[in-house]
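Take a look at the letters that make up each chain.
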Amino acid sequence: MTISYRLADIAVQLGGRVLGDAEVRIAQIATLEKAQPDQISFYTNSKYRAQLAGTRAGAVILSEADAQATALPRIVSDNPYAYFAKVSSLFNPLPEAKPGVHPGAVIGAGAQIDPTASIAAMAVIGECAVIGAHSVIGACCFIGANTVIGSHARLYPGVVIYHGCVIGDNLIAHSGAVIGSDGFGIAMDEGRWIKIPQIGRVVIGDDVEIGANTTIDRGALDDTVIEEGVKLDNQIQVAHNVRIGAHTAIAGCAAIAGSAVIGRYCLIGGAARILGHLQLADYVEIAAHTLVGKSIREAGSYAAIYPLGRTEDWRRNAVHLRHLDDLVKRVKALEQEIESLKGKER
Amino acid sequence: MTISYRLADIAVQLGGRVLGDAEVRIAQIATLEKAQPDQISFYTNSKYRAQLAGTRAGAVILSEADAQATALPRIVSDNPYAYFAKVSSLFNPLPEAKPGVHPGAVIGAGAQIDPTASIAAMAVIGECAVIGAHSVIGACCFIGANTVIGSHARLYPGVVIYHGCVIGDNLIAHSGAVIGSDGFGIAMDEGRWIKIPQIGRVVIGDDVEIGANTTIDRGALDDTVIEEGVKLDNQIQVAHNVRIGAHTAIAGCAAIAGSAVIGRYCLIGGAARILGHLQLADYVEIAAHTLVGKSIREAGSYAAIYPLGRTEDWRRNAVHLRHLDDLVKRVKALEQEIESLKGKER
Amino acid sequence: MTISYRLADIAVQLGGRVLGDAEVRIAQIATLEKAQPDQISFYTNSKYRAQLAGTRAGAVILSEADAQATALPRIVSDNPYAYFAKVSSLFNPLPEAKPGVHPGAVIGAGAQIDPTASIAAMAVIGECAVIGAHSVIGACCFIGANTVIGSHARLYPGVVIYHGCVIGDNLIAHSGAVIGSDGFGIAMDEGRWIKIPQIGRVVIGDDVEIGANTTIDRGALDDTVIEEGVKLDNQIQVAHNVRIGAHTAIAGCAAIAGSAVIGRYCLIGGAARILGHLQLADYVEIAAHTLVGKSIREAGSYAAIYPLGRTEDWRRNAVHLRHLDDLVKRVKALEQEIESLKGKER
């Protein structure tokens, strides 16, 4: 059942230049530290030079610059990390899911399930929903009425997609992800909150991955939009009417408030927060645990993190933040005093 | 299937004063930008003046002050945003759910399901649970033994409510919400944590909405209490024995630690954190991503946010926070030096 | 159906020294404030002295130091809080689950379910999965293929464990917890993200508790490891290849980024964030809402929290953080000026 390839075969399939014995057989990928002689590893960071020296790996993927860093059989690539990803996919294809609808699933009237799709036990597909070719809907998933899912989707168990959403091809959604829940729309009326119906949709492009327990709310009036190639980690909150530009990647626990517009190719750190109605340009990087409270018009790297200290040091220092404005005024006063003293001396 | 009303009919149902052609027929609500001639829009912010000028909407909702801001047919209201919410509800009633228990649901012995309630496929209702009139329990929901849910609840697919909880009328709970899970109660005993049984309940008042993947833990001994009219967004954590006062609204990803007591009509920003055992007065507003580390006795607006900067600026500035106490002492020393120098001059 | 014990019986079972009437019958545990004459309470904090004086409890658990703080029947213990936990477990045993597989569950080929285990309706057990003795798998849980779960596990409804994971004995996992989802592994390749297959596992030791909606990702190549006795609250994110040392407790909404290694007996506050690839020593305490951006080599307590203020004060003070480096330079310049002025005086 194990797949194995000669190093030469890998290079034929994925490109790159082989150095050393191209006949060595490889059956899996592993870290330098753990790799066995039938496994290939990768080297992208000089921090791991000692591990490269000591590895038992049968072959290594590395960059042109590091081509001579080992005498092991190796593949030289322009982008060793991406090459590693491709090799790993070669050895670790997704398990096939049996096409068809499990008898323990419930399919709503008018739903269109492609015959190559797989619907697991306990899944519930709403009326008139569409499930594309080769898509896999896991156990206990729920797909709302009229929602359209493209081809080659993989929904792990317990994903919920509400009604009327539109999903492109190749979606990966991990367990507990919720797509299309109501946005947080309320209006105060004589001491009571009134709910604002959320009648927009969630529209998701091709090649999007959504992490476990991530939530994406449907739009209030217009849609919430996740463009193609966006990658969302676990426990991210995407509020109503957010737009996330293509190929942006967002790390775990980040939150994007309502109507924020994130550019393309942004990198949003874990637990970062983007306030509502802001705009972020393309290629913006936000550090972890950073609150973005104003729009960012220029590409670049942004942060807002309180520096860590021992609690007793933190306490002694942080207290002054409540009086920083006073401190600035005191310094200003000192500067004036000094000027005055210097004037008198002249 | 589309509902439509004359502008005059809307005002009869919802109040407000019609200006312009009261006969125009309206079938949906939309933004100024997207509205079509059979749609009504709303105008609450002068920022959107250009959109108001260009809108194709058939009618607009606005305030008395803006009554002459457009020549379109319009409804003038004291509270245009709440009026918009009501109009939207008029055009977008919740889809009816068919009363009865789906054959694919599992109902525990002694459970009381009102005949007007709707229990979806794959739902599991525990022993002696009570589901009130017109309540809708979605697919894959779980209701624990002895839990009581009032009338007109709407639980979206995959909501879990543990045993013994008490829920008022009109609950809306979105997918992945967990109500009544154990609080985080542990005691250290000779190098090992012992679990403290969590024997309190979650008690929820009428008209509460709970967002997707929000968690509300049951009390350790006494109950966790969510008072009427509270609105919780997605991915909020409410720890054991918290009490949230009536009509408080909490944005996504906020967290309330154990035994904290939040007042009525508070507004808690996204990703804000309230530490355990604190008390917040009524009408307190907390900014997003703010940690509240002490009780707040007075209504008002509070914040604790590190200001955003380019990463290189942030790095250059933030490092000094570790020495802020020294800086203050240096300023103090300078002030004394100046005084001394001035003294010598006299 | 109610269990009751004489105070003397409790001490026989759990240790401790009885003072006062050892014959008093106790049927439940409660807070000092709410306790009735057939209930036992506990006193561990002098803040509750008034409540101790006024309690109607039939007996009290307290420390040697407080042994004379009340005349009520009492049990004196070295560790009253742990004693309280044990007493509560005595009066509140977990409800028994009926052994066997519910007809509404789906069991994969080759799965091994211990005959004493209990599999609820709508649960799905993957091929060749193993469920140990006395383990309880709740409704709508999903256990992936080849995953092994030890004895006495309790999975509340809607827990998902992906394929190939290894779980010790006595796991408690609350609803919505996701174990074994893919880590966030992507590589940029000519403008598109490529997915890195996540082929490691999640390996969990004995006596671990996992809160509601907490997510633990499987390793990229090696495993993610949660050692024995770790306690995780709700909505925690544990990224791929993290290792959490034995008996560490982590409060709600914390997040541990990829490959971080947390020591034993650490206490991580709510919503704290540990960046990737960092190491924390044993016995490290991290304050709530604190970002840890560098490794911590020494036990102790660490914090990084912006102090709370009224929004207008915060705004006036925080703005200066963008110019803190300038301020420090201005103070430095003043110090030099003063030295210069003093020099001239001499």
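Residues numbered from 1 in each chain as written. Chains lettered and ligands numbered in written order. Predicted model: local features only at pLDDT ≥ 70, side-chain atom pairs only at ≥ 80, totals over all residues.

Draft legend 1. Up close: unusual backbone geometry. The phi dihedral of Gln235(A) falls on the positive side, at around 55°, and the residue is not glycine. With respect to the helices, strands and loops of the structure, Gln235(A) is situated in the loop between strand 28 (231–232) and strand 29 (237–238). Residue class for Gln235(A) comes out buried when judged on the 30 C-beta atoms lying within 10 Å of it. The phi torsion at His134(C) lies on the positive side, around 60°, for a residue other than glycine. Among the secondary structure elements, His134(C) is positioned in the loop between strand 13 (130–131) and strand 14 (136–137). The exposure class of His134(C) is partly exposed, given the 19 C-beta atoms found within 10 Å. (Helix = DSSP H or I, 4+ residues; strand = E, 2+ residues; numbered from the N terminus. Buried ≥ 20, exposed ≤ 12 C-beta atoms within 10 Å, placed from the backbone.)

Draft legend 2. Geometry of the pairing of strand 21 (residues 178–181) of chain B. Residue and element names in this part refer to chain B. Bridge analysis of strand 18 (residues 160–161) against strand 21 gives two bridges, and the strand direction is parallel. In the sheet register, Val-160 faces strand 21, and the bridge partner there is Val-178. As paired elements, strand 21 and strand 26 (residues 215–217) share three bridges and run parallel to each other. Bridging across to strand 26, Ser-181 finds its partner in Asp-217. (Pairing = 2+ DSSP bridges.)

Draft legend 3. Structural detail: the relation of the copies chain A and chain C. When chain A is fitted to chain C, the best match, at an RMSD of 0.0 Å, comes from turning it 120° and sliding it 0.0 Å along the axis. Expressed as an axis order, the relation between the two copies is that of a three-fold axis. (Least-squares fit on C-alpha atoms with pLDDT ≥ 70 in both.)

Draft legend 4. Molecular detail of the sheet that holds strand 27 (residues 224–226) of chain A. Residue and element names in this part refer to chain A. Overall, parallel pairing links the eight strands, which are arranged 10-13-16-19-24-27-30-33 in an open sheet. Looking at which strands have only one partner, the edges of the open sheet turn out to be strand 10 (112–113) and strand 33 (261–262). Here two bridges tie strand 13 (residues 130–131) to strand 16 (residues 148–149), and the two strands are oriented parallel to one another. Its bridge partner lying in strand 16, Val-130 is registered against Val-148.

Draft legend 5. How the structure looks around the pairing of strand 39 (residues 300–303) of chain B. One ladder, built from three bridges, connects strand 37 (residues 284–286) of chain B with strand 39 of chain B; its direction is parallel. Within the sheet, the bridge partner assigned to Glu285(B) lies in strand 39 of chain B and is Ser301(B). In terms of strand pairing, strand 39 of chain B meets strand 39 (residues 309–310) of chain C through two bridges, oriented antiparallel. Residue pairing in the sheet places Tyr302(B) in a bridge with Arg310(C) of strand 39 of chain C.

Draft legend 6. Local environment of the interface of chain C and chain B. Every contact between the two is made by 62 residues of chain C and, on the other side, 62 residues of chain B. At the level of elements, helix 3 (80–91), strand 39, helix 4 (311–318) and helix 5 (324–345) of chain C are the ones that each hand at least two residues to the side of chain C that touches chain B. A total of nine residues in the side of chain C that touches chain B trace back to one element, the largest contributor, which is helix 5 of chain C. Looking at the side of chain C that touches chain B residue by residue, the classes come out as 31 nonpolar, 21 polar and ten charged. (Contact = placed C-beta atoms within 7 Å. Nonpolar A, V, L, I, M, F, W, Y, C, P; charged D, E, K, R; others polar.)

Draft legend 7. Quick look at the packing of helix 1 (residues 7–14) of chain A against helix 3 (residues 80–91) of chain A. Residues and elements named next belong to chain A. The N-to-C vectors of helix 1 and helix 3 enclose an angle of 110°; their axes lie 11 Å apart at closest approach. Between helix 1 and helix 3, the interaxial angle falls into the category roughly perpendicular. Between helix 1 and helix 3 the crossing geometry is right-handed. From helix 1, Ile-10, Gln-13 and Leu-14 reach across to helix 3, where they touch Tyr-83, Lys-86, Val-87 and Leu-90. The class makeup of the residues in the contact of helix 1 with helix 3 is five nonpolar, one polar and one charged. (Axes fitted to C-alpha atoms, helices over the stretch in contact; angles between N-to-C directions. Parallel < 35°, antiparallel > 145°, perpendicular 65-115°, else oblique. Left-handed = near helix turned anticlockwise from the far one by under 90°.)

Draft legend 8. Main features of the sheet that holds strand 28 (residues 231–232) of chain C. Ordered in space as 39(A)-38(C)-36(C)-34(C)-31(C)-28(C)-25(C)-20(C)-17(C)-14(C)-11(C)-8(C), the twelve strands form an open sheet in which the pairing is mixed. Edge strands, defined here as strands with exactly one partner in the open sheet, are strand 39 (309–310) of chain A together with strand 8 (100–101) of chain C. Of the strand pairs in this sheet, strand 17 (residues 154–155) of chain C and strand 20 (residues 172–173) of chain C are connected by two bridges, and their pairing is parallel. Bridge pairing in strand 20 of chain C links Arg154(C) to Ile172(C).

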